[in-house]
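Letter by letter, the chains look like this.
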Amino acid sequence: RGLNINNISLNHRGIDVRIRLNTIYDACDFSKSCDSYFDGEIEIKQGKKCISGKSVLGLLSLNLLEPLDATIISDEKEVKENFYNFIKIWEIGS
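We now turn to the structure provided with this report. (Residues numbered from 1 in each chain as written. Predicted model: local features only at pLDDT ≥ 70, side-chain atom pairs only at ≥ 80, totals over all residues. Heavy atoms only, no water.)

1. Concerning the pairing of strand 3 (residues 41-46)
On a regular strand, one side chain projects to one face of the sheet and the next to the other, so that they alternate.
Phase 1: Two strands pair when backbone bridges link them, and strand 3 and strand 5 (residues 68-73) are joined in this way by 5 bridges, in the antiparallel orientation. The residue of strand 5 that forms the bridge with Glu41 is Ile73.
Phase 2: Summarising the sheet, strand 3 and strand 4 (residues 49-52) pair through 4 bridges and their orientation is antiparallel. Bridging from a neighbouring strand, Ile44 pairs with Ile51 of strand 4.
Phase 3: Where strand 3 folds back onto strand 4 in an antiparallel hairpin, the turn is made up of 2 residues, including Gly47, whose phi is positive at roughly 60 degrees. (Pairing = 2+ DSSP bridges. Helix = DSSP H or I, 4+ residues; strand = E, 2+ residues; numbered from the N terminus.)

Next up, the structure:
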């Protein structure tokens, strides 16, 4: 059972997904869940900025009107799959 996903990038570091957090509440829920449930490092990139997905203040410092690139860095396939299943509600193009 592998990832069967068209809109993401799987690489040697982890999994990359383009997302949009539509509200401040989405950003807070995303950050809290990342901090509570995922052991891997979660990077959120927007333009030249790169912040931890586990930092609500970092997320709120970004422009939530624009897309974000989310990456979980983990060697564990199950962690990557669980992260994708969690994040896909915010995936752009899904």
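2. Brief notes about the side chain of Thr71
Phase 1: With respect to the helices and strands, the residue Thr71 is situated in strand 5.
Phase 2: Look at Thr71 and you get buried, because its relative accessible area is 6%.
Phase 3: A polar side-chain atom of Thr71 sits 2.5 Å from a polar atom in the side chain of Asp16. (Buried < 20%, exposed > 50% of the residue type's maximum accessible area, 1.4 Å probe, protein only. Polar contact = N/O pair within 3.5 Å; in protein donor to acceptor, adjacent residues only side chain to side chain.)

3. What to know about a nonpolar patch on the surface
Phase 1: A contiguous nonpolar surface patch, about 360 Å² in accessible area, is contributed by Ile24, Val56, Leu57 and Leu60.
Phase 2: Structurally, the position occupied by Val56 is in helix 2 (residues 56-60). (Patch = residues over 30% accessible without salt bridge, like charges linked within 9 Å, V, L, I, M, F, W, Y side chains within 5 Å. Areas by Shrake-Rupley, 256 points an atom, 1.4 Å probe, with all protein chains shown as cover. Salt bridge = Lys/Arg side-chain N within 4 Å of Asp/Glu carboxyl O.)

4. A few points about the nonpolar core
Phase 1: Ranked by internal contacts, the top residues of the largest apolar core, which has 23 residues, are Ile19, Leu21, Phe30, Ile44, Phe83 and Ile87.
Phase 2: At the level of secondary structure, the elements contributing two or more residues to this core comprise strand 2 (14-19), helix 1 (24-37), strand 3, strand 5 and helix 3 (77-87).
Phase 3: Per-element tally for this core: the top contributor is helix 3, with 5 residues. (Core = buried A, V, L, I, M, F, W, Y, C linked by side-chain atoms within 4.5 Å.)

5. Let's talk about the packing of aromatic side chains
Phase 1: Counted under the stated rule, the structure contains 6 aromatic pairs.
Phase 2: Plain terms: the ring middles of Phe38 and Phe83 are 5.4 Å apart, the flat faces sit at 90 degrees to each other, and that makes the pair edge-to-face. Remark: Phe83 occurs in helix 3 and Phe38 occurs in the loop between helix 1 and strand 3; sequence separation between them is 45 residues.
Phase 3: Residue Phe38 is classed as buried on the basis of its relative accessible area of 8%.
Phase 4: Residue classification places Phe83 among the buried positions, given a relative accessible area of 0%. (Phe/Tyr/Trp six-rings, centres within 6.5 Å; stacked < 30°, edge-to-face > 60°.)

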